[in-house]
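Fold and geometry: a report
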Amino acid sequence: MADVKNVLVVDDHFEMLELLRSMLELSNEECEVLAVPSAEEGLMELRRTKFDLVITDVRLPGMSGFDFVRRIRKVRPETPVLMITGYSSSEGQKEADELGVLRYFSKPLNTDAVLLAVHVALHGEAPPLQVVEEVAGETAVSALFAPHHLLSPPAPALVWHCQ
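Nothing here was measured: the structure is a model prediction, and the numbers come from that model.

Two descriptors summarise a pair of aromatic rings, namely the distance from one centre to the other and the angle between the planes of the rings. Throughout the structure, instances matching the rule amount to zero aromatic pairs. Directly above the aromatic system of Y87 lies the positively charged group of R59, at a separation of 3.7 Å from the ring centroid.

Attention shifts here to the pattern of salt bridges. In this structure the tally under the stated criterion is nine salt bridges. K107 is the partner of D57 in a salt bridge, and the nearest nitrogen-oxygen pair spans 3.7 Å. Of this pair, D57 sits in strand 3 (residues 53–57) while K107 sits in the loop between strand 5 (103–106) and helix 5 (111–123), placing them 50 residues apart in sequence. Classification of D57 by relative accessible area gives buried; the value is 3%. Between K94 and E98 there is a salt bridge; the shortest N-O distance is 3.9 Å. With K94 and E98 both in helix 4 (residues 90–98) and four residues apart, the pair spans about one turn of that helix. When sorted by exposure, K94 lands in the same class as E98, which is exposed. When salt bridges that share partners are traced, they join D11, D57 and K107 into one network.

Calculation criteria
- Residues numbered from 1 in each chain as written.
- Predicted model: local features only at pLDDT ≥ 70, side-chain atom pairs only at ≥ 80, totals over all residues.
- Heavy atoms only, no water.
- Phe/Tyr/Trp six-rings, centres within 6.5 Å; stacked < 30°, edge-to-face > 60°.
- Lys NZ or Arg CZ within 6 Å of the ring centre and 35° of its normal.
- Salt bridge = Lys/Arg side-chain N within 4 Å of Asp/Glu carboxyl O.
- Helix = DSSP H or I, 4+ residues; strand = E, 2+ residues; numbered from the N terminus.
- Buried < 20%, exposed > 50% of the residue type's maximum accessible area, 1.4 Å probe, protein only.

Scope: geometric values only; no functional claims are made or implied.
Here's what the structure looks like:
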């Protein structure tokens, strides 16, 4: 069994926390997800636990996602970060790049792109492709992920285990 990866998700919208948790849970990644609604709580958790990946929203109550990433760089500079936003801009993309953010995603999220970025962040490489079907002589390929359109029912706690 591979090492379980710790993923911290920070978003003030419960629905987005659930979506990200479900995506990770249904992927083939072995991870434990901790979801918190603010950057301040995220920093508290980062001081307690080493996370293999942080996924954060840009707009958060209190400290912004960008300020959160600046703090992450001081506390755990090696931690890969993915950012998500409903208010994408070239300035935001530039700031994310300057902060060393691995990927900057706009909402609505492209789940395949997010899961690929998660895999790269956790393993340092893209997942192998597998042939899923041959249709009319052409081969279709898919990354080794479970179906992302299936969402599990909400979990009662904010700590989930991905299998």
